[in-house]
Amino acid sequence: MDKNFKEEFRQIIKFEPPLYKQRYQFVKDLVEKYKPKKVADLGCADCSLLWMLKFCSCIEVLAGLDICANVMKEKMHTLSPLPVDYLQPSERSLTVTLHHGSVAHKDPCMLGYDLVTCIELIEHLEESELKKFPEVVFGFMAPSIVVISTPNSEFNCLLPRVMLYRHPDHKFEWSQAEFQSWALETARCYDYSVEFTGVGHPPTGMEKVGFCTQIGVFFRKYPQSAESVQSEKPMEAVYKTVFKAVYPSLKDEKYLQTAVISEVIFTAQIIKHRLMSKRQEYSDDPERKSKFQLSMDYFSDYLGKVVVEKNMEPFVSGNEVYIPLRTIFSFPKVNRLCGTFEKLCKLIAGKVTLSSDGSAVMFNIEHENEEN
């Protein structure tokens, strides 16, 4: 390749969005496609990828592992729940855990993951660690999908200020052929298939150098048996947990109860407001007021019976308004939160003022009448 041609490209190579964002977006797209529930990021560093993935609604368990605890600790607070997470708990559960340790060691806390990501990790491994890496990730952890990204050394000639490696901590950088050879042999040994792709497209006319970041996506061919997992399980944990966050979730009954009570009261207030507005319309017309009062007196005399027989209709009796629970349960959000009418009754018992037979939410409007 002509030296001047190379130098020209060295000055204009710029990735938009930045290369690291393209790598993270690749993982996010993969998550959205395959919907893994448990995801582990090996070599998670400053937790940026984990932070991005915590917003993926399919993920219920996130774990990060890094050899440098200090780097994780600097940004691990970004993985903690925010006040809004407590005010509006999600319908899914989410637990985020960070571990300090080496990818060359096995630990039972890393078993059972659906997707394992190794983004710009392997090039930082010493030769002895790289030899152990496949057995730990593909043999022991054995997730359904593994994503490995690493620099493509053939692209380095187009990058300014890159003499040997892109980062001083890199122990090696592979060409496309070297990475594919390693990946294919690893896949063969552990019963995986592998697909090759990448991010960071080369300039027009330079397609042969390949992507700036090369990526291998490994898919396990056969389900892992429980027996094989148990036989591989080490006796003791070797990683140190440095962070754990359990997000508030509607799967936790205490958060569900709070959400249901809030929604029941809110819905009942809306129904009451509409009913009282209608009542006010009648009170402004003497003839209509007489008819309205007649119906209210009827409901007052037979309230218990009517609530059962006409259990979808709200009622006014003297200074009290009754909003049937059946009516409230028919609202989509309440219905979705509770699932069953029996669950609704259980969650609000003793927390919301109800009629004597427990079939309706009751409001006293005496003070409202005095103000009016």
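Named according to an unreviewed UniProt entry, the chain is Small RNA 2'-O-methyltransferase originating from Melospiza melodia. In UniProt, the chain has this text filed under Sequence similarities (unreviewed entry): "Belongs to the methyltransferase superfamily. HEN1 family."

For the rest of this paragraph, the subject is the pairing of strand S1 (residues 38–42). Looking along a regular strand, one sees side chains alternate from face to face of the sheet. S1 sits mainly inside the fold: 4 of its 5 residues count as buried. Note that the unit made of S1, helix H3 (residues 48–53) and strand S2 (residues 61–66) has a crossover that is right-handed. Where S1 and strand S4 (residues 115–119) come together, 3 bridges link them in parallel fashion. Within the sheet, the bridge partner assigned to alanine 40 lies in S4 and is valine 116.

What follows concerns the packing of aromatic side chains. The full count for this structure, using the stated rule, is 15 aromatic pairs. Look at phenylalanine 329 and phenylalanine 341: their rings are 5.8 Å apart centre to centre, the planes differ by 80°, and that puts the pair in the edge-to-face class. Placement of phenylalanine 329 in helix H12 (residues 325–329) and of phenylalanine 341 in helix H14 (residues 341–348) is noted, with a sequence separation of 12 residues between them. Overall, phenylalanine 329 belongs to the buried group, its relative accessible area being 12%. Pairwise contacts between aromatic rings join Phe133, Phe172, Trp174, Phe179, Trp182 and Phe196 into one cluster. If you follow lysine 272 out to its NZ or CZ, it ends over the ring of phenylalanine 363, 5.1 Å from the centre. It is arginine 326 that lies over the ring of phenylalanine 341; its NZ or CZ is 3.7 Å from the centre.

Below, the discussion takes up the nonpolar core. If you look at the biggest cluster of nonpolar residues, it comprises 45 residues, and the most contacted ones within it are Leu53, Ile59, Leu98 and Val147. Among the secondary structure elements, those contributing two or more residues to this core are helix H2 (19–34), H3, strand S3 (95–100), S4, strand S5 (145–151), strand S7 (213–220) and strand S8 (240–246). Looking at which element gives the most residues to this core, the answer is H2, with 6 residues. Counting residues in each nonpolar core, the second largest holds 32 residues, with Cys118, Met141, Val146 and Trp174 among its members.

Take the environment of glutamine 25 next. Topologically, glutamine 25 is positioned in helix H2. Residue class for glutamine 25 comes out partly exposed when judged on its relative accessible area of 33%.

Before going further, it helps to examine the environment of methionine 206. Secondary-structure assignment places methionine 206 in the loop between strand S6 (192–199) and S7. Between the C-alpha atoms of methionine 206 and phenylalanine 155, which are 51 residues apart in sequence, the distance is 9.4 Å.

The subject of this paragraph is H14. Along an α-helix, residues three or four apart share an orientation, since each turn contains 3.6 residues. Of the residues making up H14, those classed as buried are Phe341, Leu344, Leu347 and Ile348. Within H14, the buried residues cover an arc of 125° as seen down the axis, which keeps them to one side. Set apart from the buried face of H14 by more than 90 degrees, the exposed residues are Glu342 and Lys346. Downstream of H14 by one or two residues, glycine 350 has phi in the positive range, about 75°.

Along the chain, threonine 97 falls in strand S3. Exposure remark for threonine 97: the relative accessible area of 11% places this residue in the buried category. Beyond its immediate sequence surroundings of up to four residues, threonine 97 is in contact with Leu62, Ala63, Gly64, Thr241, Phe243 and Lys244.

Turning next to the pattern of salt bridges. Considering all chains together, one arrives at 9 salt bridges under this definition. Between glutamate 127 and lysine 131 there is a salt bridge, with its nearest N and O atoms 3.9 Å apart. One end of the pair, glutamate 127, and the other, lysine 131, are both in helix H6 (residues 127–141), 4 residues apart, so they sit about a helical turn from each other. Glutamate 127 gets classed as exposed once you look at its relative accessible area, which sits at 59%.

With that out of the way, let us pick up H6. Here H6 contains 15 residues, and its C-alpha end-to-end distance of 20 Å stays within 8% of the 21 Å for a straight helix at 1.5 Å per residue. Along H6, the helix axis deviates most sharply at phenylalanine 133, where the bend reaches about 30°; the proline proline 134 sits within four residues downstream. Every buried residue belonging to H6 is among Leu130, Phe133, Pro134, Val136, Val137, Phe138, Gly139, Phe140 and Met141, and all of these are buried. In the stretch just after H6, alanine 142 is the one whose phi turns positive, near 45°.

A few words on the side chain of glutamine 22. On the secondary structure map, glutamine 22 appears in helix H2. Glutamine 22 sits in the buried class, given a relative accessible area of 17%. Of note is the side chain of glutamine 22, whose polar atom sits 3.3 Å from the backbone nitrogen of glycine 200. Residues in contact with glutamine 22, not counting those within four places in the same chain, are Phe15, Glu16, Pro17, Val199 and Gly200.

Thresholds applied
- Residues numbered from 1 in each chain as written.
- Predicted model: local features only at pLDDT ≥ 70, side-chain atom pairs only at ≥ 80, totals over all residues.
- Heavy atoms only, no water.
- UniProt positions renumbered as here; feature names shortened; annotations may be inferred.
- Buried < 20%, exposed > 50% of the residue type's maximum accessible area, 1.4 Å probe, protein only.
- Helix = DSSP H or I, 4+ residues; strand = E, 2+ residues; numbered from the N terminus.
- Right-handed = clockwise from strand over helix to strand, strands pointing away.
- Pairing = 2+ DSSP bridges.
- Phe/Tyr/Trp six-rings, centres within 6.5 Å; stacked < 30°, edge-to-face > 60°.
- Lys NZ or Arg CZ within 6 Å of the ring centre and 35° of its normal.
- Core = buried A, V, L, I, M, F, W, Y, C linked by side-chain atoms within 4.5 Å.
- Arc of directions from axis to C-beta.
- Contact = heavy atoms within 4.5 Å.
- Salt bridge = Lys/Arg side-chain N within 4 Å of Asp/Glu carboxyl O.
- Expected span 1.5 Å × (residues − 1).
- Bend = angle between axes of the 7 residues up to and from the residue.
- Polar contact = N/O pair within 3.5 Å; in protein donor to acceptor, adjacent residues only side chain to side chain.

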